[in-house]
Amino acid sequence: MIRLSGNWAKLPALFLFLELKMNDPRVGFISLGCPKALVDSEQILTRLRSEGYQVSPTYQDADLVIVNTCGFIDAAVEESLDSIGEALAKNGKVIVTGCLGSREAEIRAKHPQVLKVTGAHALEEVVSAVHEYLPAPHNPFLDLVPPQGIKLTPKHYAYLKISEGCNHRCTFCIIPSMRGHLVSRPVDDVLLEAQRLADAGVKELLVVSQDTSAYGLDLKYQSRHWNGREIKTQFYDLAEALGDLGIWVRMHYVYPYPHVDHVIPLMAEGKILPYLDIPFQHASSRILKLMKRPAAAENNLERIKAWREICPDLTLRSTFIVGFPGETEQEFEELLDFLTEAQMDRVGCFAYSPVKGAVANNLPDPIPEEVKQERLARFMEHQAKISAARLQQRVGRIETVLIDEVVEEGAVARSKADAPEIDGQVFIDGATHLQVGDFVQVQLEEADEYDLWGRLI
């Protein structure tokens, strides 16, 4: 059994059935949290499948269950602990991994029966634990795993994780305490995985990490050989090389370092998608300082203007926090003014929630919950008007879209401006003959605050 869940992508719970060989050991798998955790789950499953383990669709048929947890916010912790409890109740043999694993005492206080607890990005520890509690002889004559590995996403897109951990110490975040400092994968290793995914038919790569634009810093941007040339382990070189694959490449979690400016021309040239996911978090210099985030709103606005001059079709996605401790009404209004000036396409927002272990919990002047929720509602209403107006500007244009789903009414697609699960969709009525993974051109005819409707060209 494989169950997926996560707040970041609003992934629905689902079960994936893989054929069982009744004489082989069987593992159930629950994957919670963000796409980076999903990649960890894929790596664990790929390794186990290559060693002869089968994946069970039910608790009852599994010999043990692995739960990949999330611990980013309190709601995620609760979901993880509940999932562990459910797995113990319905199976009894449970290995816990993932971000919440860094709080082993808390897990064992509620669920002392778990067999093993590891932290995030702990492939070898998880596999060793499976070997300990469920040994399996490997049959080298069975080819159990495709070259691109086991993927939990649809066949036409995949997440490509390029690094683990983060060197920043944002006061609202506990990710570094769970996932450690930045650890980048060598660029040739990343590109080999990307090539295999493209060869397997993947049409879109979503590049993810905790801090994508810091890629390679820990390796001092060392050069590696790839396809007869030297490529540095750094953000720009990776983006340029991925652009040679001839598929969509989308950049997520891009911290707004100055060198991000150099990637914008690649987007203008069509090498990678004109899409940046940059978590600005706030616009007030004082609040950003309390958050230990860099830059000021004025600098960000100037850069956004410069980026759009180079690449007019650039889509900007960002996330923000309202109700951060000490946030005044004037500073919140400053944030709304920033949204008006920045004219971002896709925006997510969270009311500040104290996370166990976060430095921000100790800041003075916490905001009452009713004020946080009121500001969140005002923020979303303000941004909805901006998003609707920007989508309306695209009506009448002809754009290339990627088909995600074909239903009774027609096809559901995404444009270059839309990441799966978190952004909008393009609906094509009557296009039931299309296949998932097709690229088609549509003329956009209608828009609302989030989605578009179009007809085939």
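See the structure above.
Everything numeric in this text was worked out from a predicted model, so none of it was measured.

Participant: In this structure, what is going on with the overall build of the protein? I would like to understand it.
Facilitator: Within the protein, the regular secondary structure consists of 12 helices and 21 strands. Compactness check: the protein gives a C-alpha radius of gyration of 22 Å against a globular reference of 23 Å for 457 residues, within 12% of the reference. Along the longest, intermediate and shortest principal axes, the C-alpha atoms of the protein span 60 × 55 × 50 Å. Taking contacts inside the protein between residues at least 6 apart in sequence as the whole, the part at least 24 apart equals 73%. Total accessible area on the protein stands at roughly 19600 Å², and carbon and sulfur atoms take up 52% of it. Taken as two groups, the 47 positive and 65 negative side-chain charges of the protein have centres that lie 4 Å from each other.

Participant: Help me out: how do you make sense of the state of the cysteines in this one?
Facilitator: Think of a disulfide as a covalent bridge from one cysteine sulfur atom to another cysteine sulfur atom. Tallied over the full model, the rule gives zero disulfides. Of the cysteine sulfurs around C99, a residue in no disulfide, the closest is that of C70, at 6.0 Å. By relative accessible area, C99 is classed as buried at 6%. With no disulfide partner, C173 has as its closest neighbouring cysteine sulfur the one in C170, 6.2 Å distant.

Participant: What am I meant to see in the pairing of strand 12 (residues 229-232) here?
Facilitator: It is a general feature of regular strands that their side chains alternate between the two faces of the sheet. For strand 11 (residues 223-226) and strand 12, the ladder comprises four bridges, and the chain directions are antiparallel. If you follow H225 over to strand 12, its bridge partner there is E230. Hairpin connection, strand 11 to strand 12: the antiparallel pair is bridged by two residues, and N227 has positive phi, about 50°.

Participant: Looking at this model, I keep getting lost on the sheet that holds strand 19 (residues 426-429). Mind explaining?
Facilitator: Within a beta sheet, neighbouring strands are joined by backbone hydrogen bonds and run either parallel or antiparallel to one another. The strand order around the closed barrel formed by five strands is 17-18-19-21-20, and the pairing between neighbours is mixed. Across the sheet, the axes of successive neighbouring strands diverge by a mean angle of 50°, strand direction being ignored. Of the strand pairs in this sheet, strand 20 (residues 439-447) and strand 21 (residues 452-456) are connected by five bridges, and their pairing is antiparallel. Each residue of the ladder has a partner; that of A447, found in strand 21, is L452.

Participant: What exactly am I supposed to notice about the pairing of strand 20 here?
Facilitator: Judged from the five bridges that link them, strand 17 (residues 398-406) and strand 20 form a sheet pairing that is antiparallel. Opposite L402, over in strand 20, you have F439 as the bridge partner.

Participant: Help me out: how do you make sense of the pattern of salt bridges in this one?
Facilitator: Where charged atoms of side chains with opposite charge meet at close range, the side chains can pair. As enumerated under the stated definition, the model contains 32 salt bridges in all. With a shortest N-O distance of 2.8 Å, R108 and E104 are connected by a salt bridge. Residue R108 and its partner E104 are located together in helix 3 (residues 104-110), separated by four residues, close to a single helical turn. Judged by its relative accessible area of 28%, R108 is partly exposed. A salt bridge links D244 to R229, with the shortest nitrogen-to-oxygen separation between them at 3.0 Å. Note that D244 is positioned in the loop between helix 7 (235-242) and strand 13 (248-251) and R229 in strand 12, a separation of 15 residues in sequence. Of the residues examined, R229 reaches a relative accessible area of 35% and is grouped as partly exposed. Overlapping salt bridges, with partners in common, bring together E327, E329, E333, E374, R375 and R378 in one network.

Participant: Please clarify how helix 11 (residues 329-342) should be interpreted in this entry.
Facilitator: Side chains three or four residues apart in an α-helix point the same way, a direct result of the helix having 3.6 residues per turn. Over its 14 residues, helix 11 runs 20 Å from end to end, which matches the ideal 20 Å to within 8%, given 1.5 Å per residue. Within helix 11, burial applies to E331, F332, L335, L336, F338, L339 and A342. Within helix 11, the buried residues cover an arc of 150° as seen down the axis, which keeps them to one side. Those residues of helix 11 that are exposed and angled more than 90 degrees off the buried face are Q330 and E341. After helix 11 finishes, the residue Q343 shows a positive phi value of roughly 50°.

Participant: Can you walk me through the nonpolar core in this structure?
Facilitator: Soluble, globular proteins show a tendency: their nonpolar side chains are buried together. Counting residues in hydrophobic clusters, the biggest one holds 67 residues, and the most contacted among them are L205, L242, L276 and F379. Not counting the four nearest positions on each side in its chain, L276 is found in contact with M251, V254, V260, I264, M267, W307, L314, T315, L316 and R317. L38, L45, I95 and W248 belong to the second-largest nonpolar core, a separate cluster that totals 30 residues.

Quick notes on the rules
Residues numbered from 1 in each chain as written. Predicted model: local features only at pLDDT ≥ 70, side-chain atom pairs only at ≥ 80, totals over all residues. Heavy atoms only, no water. Helix = DSSP H or I, 4+ residues; strand = E, 2+ residues; numbered from the N terminus. Rg over C-alpha atoms; globule rule 2.2 N^0.38 Å. Contact = heavy atoms within 4.5 Å. Areas by Shrake-Rupley, 256 points an atom, 1.4 Å probe, with all protein chains shown as cover. Lys, Arg positive; Asp, Glu negative; His and termini not counted. Charge placed at Lys NZ, Arg CZ, Asp CG, Glu CD. Disulfide = S-S within 2.5 Å. Buried < 20%, exposed > 50% of the residue type's maximum accessible area, 1.4 Å probe, protein only. Pairing = 2+ DSSP bridges. Axes fitted to C-alpha atoms, helices over the stretch in contact; angles between N-to-C directions. Salt bridge = Lys/Arg side-chain N within 4 Å of Asp/Glu carboxyl O. Expected span 1.5 Å × (residues − 1). Arc of directions from axis to C-beta. Core = buried A, V, L, I, M, F, W, Y, C linked by side-chain atoms within 4.5 Å.

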